[in-house]
Structure formats: C-alpha cells, structure tokens
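# Geometric and topological summary
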Amino acid sequence: MRRAMMHQLHCLRALNLAFGGSSVITDAHVQHCLNYIRQAVLCGADTTLENGDFTERDFDQKRAGETHTCRDWSRVYRAMRENWENWTATNRSVAQHIEKRHGMIRSLLRQ
C-alpha cells in the first residue's frame, strides 16, 4: 500500500511530463491521472471562501488568493522514508531494481 498523497504527486509529475511533450507517459496514464487528481480535489475539497471572481482576476497583478491552512506534510514524508528504509533493509535486490527504474523515489521521500 502507499499513501494517496504520493500517488497524487506521481500523477502531477506524470501530467507535467505529458504536457511537456514527453512520450514516456501514455494517453491511458494521462487519463488515469486526470481522473485521480479530480477525485482527490473532490474528496479533499477546500471550502475556504475566496474573494472576487477568479475568472476576472489579473494573475499577473494579483497571484494569491485567500490564506489556506495546509496539513503538515513533513510527518507523512518522515513516515514514508522510515517505511522505505525498513523495507529496503529486508528487500535489497528488489529495492535496487526499483531505484534504478524509478530514480525519483528517494528524492520524493527526502523532501
């Protein structure tokens, strides 16, 4: 199992690659990620009221909206890093294969 937040970050990265023209991400993967992010937004909807009409805002002049309170991600990253380190200690060959194929895992967990 993995934390939904990590899956969401993976999908944001995949969409960034796809919109940047990368051929690594398939159309099916893009569809999955768009739907997954849509569900995440709907399920974790932030109900903070924002002033004004965002469709009329000049984002070059006024980039920020209202102040939002975020969850503490550092605890999630710390727990994921500890879990990864414990798992890799007992599954070295599999972990090396994963790291080689998906080099972003460690960088995500160190943030």
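Cut-off values and rules
Position labels on residues start from 1 in each chain and follow its written sequence. Per-residue local features of the predicted model are confined to residues with pLDDT of at least 70, and side-chain atom pairs are confined, for both listing and counting, to 80 or more; whole-chain, interface and lining totals are unaffected and use all residues. Hydrogens and waters are ignored; side-chain quantities use all the structure's heavy atoms. A helix here means a DSSP run of H or I that spans at least four residues, while a strand means a run of E at least two residues long, and both kinds are numbered starting from the N terminus. Exposure is judged per residue with a 1.4 Å probe applied to protein chains only, and the accessible area is read against the type maximum: over 50% gives exposed, under 20% gives buried, and values in between give partly exposed. Here, two residues are considered to be in contact whenever any of their heavy atoms come within 4.5 Å of each other. Accessible surface is estimated by sampling points in the Shrake-Rupley manner with a 1.4 Å probe; for residues, cover comes only from the protein chains shown. A pair is scored as a salt bridge if a Lys or Arg side-chain nitrogen falls within 4 Å of a carboxyl oxygen belonging to Asp or Glu. Expected span of a helix, by definition, is 1.5 Å for each gap between consecutive residues, and there is one gap fewer than residues. Where helices are involved, their axes are fitted lines through C-alpha atoms of the stretch in contact, as for all axes, and angles between N-to-C directions lie from 0 to 180°. Note on angle classes: values under 35 degrees are labelled roughly parallel, values over 145 roughly antiparallel, values of 65 to 115 roughly perpendicular, and the remainder oblique. The nonpolar class holds Ala, Val, Leu, Ile, Met, Phe, Trp, Tyr, Cys and Pro. Asp, Glu, Lys and Arg form the charged class, and all remaining residues, Gly among them, are polar. Here the nonpolar core consists of buried residues drawn from Ala, Val, Leu, Ile, Met, Phe, Trp, Tyr and Cys, with membership extended through side-chain atoms lying within 4.5 Å. Should the near helix be turned anticlockwise from the far one by less than a right angle, the crossing is left-handed, and should it be turned clockwise, the crossing is right-handed. What pLDDT reports is the predictor's confidence in each residue, on a scale of 0 through 100.

Assigned secondary structure in the chain consists of 5 helices and 0 strands. The buried share among the 111 residues of the chain stands at 18%. Taking the contacts inside the chain whose residues are at least 6 apart along the sequence as the reference set, 44% of them involve residues at least 24 apart. A total of about 9,300 Å² of accessible surface is found on the chain, and carbon and sulfur atoms cover 51% of it.

In total, this model carries 1 salt bridge according to the counting rule given. Among the ionic pairs, Asp 72 bridges to Arg 75, the shortest N-O distance being 3.8 Å.

What follows covers helix α1 (residues 4-19). For α1, with 16 residues, the first-to-last C-alpha span of 22 Å sits near the 22 Å given by 1.5 Å per residue. Within α1 the residues assigned to the buried category are Met 5, Met 6, His 7, Cys 11, Ala 14 and Leu 15.

Their axes nearest at 11 Å, the elements α1 and helix α3 (residues 73-90) cross at an angle of 95°. One finds that α1 runs roughly perpendicular with respect to α3. Within the contact between the two elements, α1 uses Met 5, Met 6 and Leu 9 and α3 uses Trp 73, Val 76, Tyr 77 and Met 80. A breakdown of the residues in the contact of α1 with α3 according to their chemical character gives 7 nonpolar, no polar and no charged.

The next subject is the nonpolar core. With 7 residues, the main nonpolar core is built from Cys 11, Ala 14, Leu 15, Ile 25, Val 30, Cys 33 and Ile 37. Secondary-structure elements contributing two or more residues to this core are α1 and α2 (27-43). In this view, Cys 33 contacts Cys 11, Ala 14 and Leu 15; residues no more than four positions away in its chain are not counted.

Glancing now at the packing of α1 against α2. Two quantities define a packed helix pair, namely the angle between the axes and the distance from one axis to the other. Packing of α1 against α2 leaves a shortest axis separation of 9 Å and a crossing angle of 135°. Relative to α2, the element α1 is oriented oblique. Pair α1 / α2 crosses with left-handed handedness. Counting all contacts with α1, which are made through Ala 4, His 7, Gln 8, His 10, Cys 11, Leu 12, Ala 14, Leu 15 and Ala 18, the residues of α2 involved are His 29, Val 30, His 32, Cys 33, Leu 34, Tyr 36, Ile 37 and Ala 40. Class assignment for the residues of the contact of α1 with α2 results in 12 nonpolar, 5 polar and no charged.

Per-residue confidence for the chain gives a mean pLDDT of 79; residues scoring 70 or more make up 83%. Taken element by element, the chain is modelled with least confidence in helix α5 (residues 104-110), mean pLDDT 50, and with most confidence in α2, mean pLDDT 93.

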